[in-house]
Amino acid sequence: MKMVEPKIVTLPVEQIKPWDNNPRKDHAVKEIQASMESFGYLNPIVVQSSTKRIIAGHGRFKALQETGVKEVPVISVDITDDKADMYTLADNKIAELSNWDFTKMADLLLEFDAKNFDVTLLGFTENEIEKIMNVTPPEEFAEVKPEEVSTEHKCPKCGYQWS
């Protein structure tokens, strides 16, 4: 794996350029602002060194612009235009491929609630939080064995059974 050496630099907001072809839209600007206000600016915008074009963090950039910030610390990387385009898509999509452990998440939400933390800062809707809190962990489901299920029909060739 080739390591791209990032540099942290502070840039004037007017030098940072959003990518016009970014297919990600409707950034959760208000939610990002609330998160940054509560937790701080912990996830810097990533820009292409040569062009100052954003390759990750378009929503964070819009949120910062709306607050009137004049300079922003960014991660600056030397990367080709094609790789920058591809990384922008990968950065958005790959995180969606991960799964959640809803039992652990429910435990954390209960802990946060007990400490009177504002769980709306996490980005989940009230409906999503309610669903998470009402999830039955898979290990609590009764295991049904195939031999315990009655079937009306059986294929004489393959043995497949159905009702």
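Structure: above.
Residues numbered from 1 in each chain as written. Predicted model: local features only at pLDDT ≥ 70, side-chain atom pairs only at ≥ 80, totals over all residues. Heavy atoms only, no water.

**A word on the packing of aromatic side chains**
For the structure shown, the criterion picks out 2 aromatic pairs. Aromatic side chains F112 and F117 sit 6.0 Å apart centroid to centroid with 45° between the ring planes, which places their arrangement in the tilted category. (Phe/Tyr/Trp six-rings, centres within 6.5 Å; stacked < 30°, edge-to-face > 60°.)

**Describing the sheet that holds strand β1 (residues 7-12)**
On the basis of which strands lie adjacent, the open sheet formed by 4 strands has the order β1-β4-β2-β3 and mixed pairing. Of all strands in the sheet, those bounded by a partner on one side alone are β1 and β3 (54-56). Strand-to-strand twist across the sheet, computed as the mean angle between neighbouring axes with direction ignored, equals 50°. Two elements, strand β2 (residues 45-48) and β3, share 2 bridges in a ladder whose sense is antiparallel. Across the sheet, V46 pairs through a bridge with A56, a residue of β3. Packing against the sheet, helix α2 (residues 58-67) makes contact with β2, β3 and β4 (71-77), and its axis sits at approximately 120° to β3. Running over the sheet, helix α3 (residues 81-94) touches β2 and β3 and is turned about 40° from β3. (Pairing = 2+ DSSP bridges. Helix = DSSP H or I, 4+ residues; strand = E, 2+ residues; numbered from the N terminus. Axes fitted to C-alpha atoms, helices over the stretch in contact; angles between N-to-C directions. Contact = heavy atoms within 4.5 Å.)

**Digging into the environment of E71**
Residue position: E71 is located in strand β4. Judged by its relative accessible area of 52%, E71 falls in the exposed class. Separated by 57 residues in sequence, E71 and E14 place their C-alpha atoms 8.5 Å apart. (Buried < 20%, exposed > 50% of the residue type's maximum accessible area, 1.4 Å probe, protein only.)

**Here's the deal with a nonpolar patch on the surface**
Taken together, F39, L42 and L122 make up a surface patch of nonpolar side chains, about 310 Å² in accessible area. Looking at the secondary structure, you find F39 in helix α1 (residues 29-39). (Patch = residues over 30% accessible without salt bridge, like charges linked within 9 Å, V, L, I, M, F, W, Y side chains within 5 Å. Areas by Shrake-Rupley, 256 points an atom, 1.4 Å probe, with all protein chains shown as cover. Salt bridge = Lys/Arg side-chain N within 4 Å of Asp/Glu carboxyl O.)

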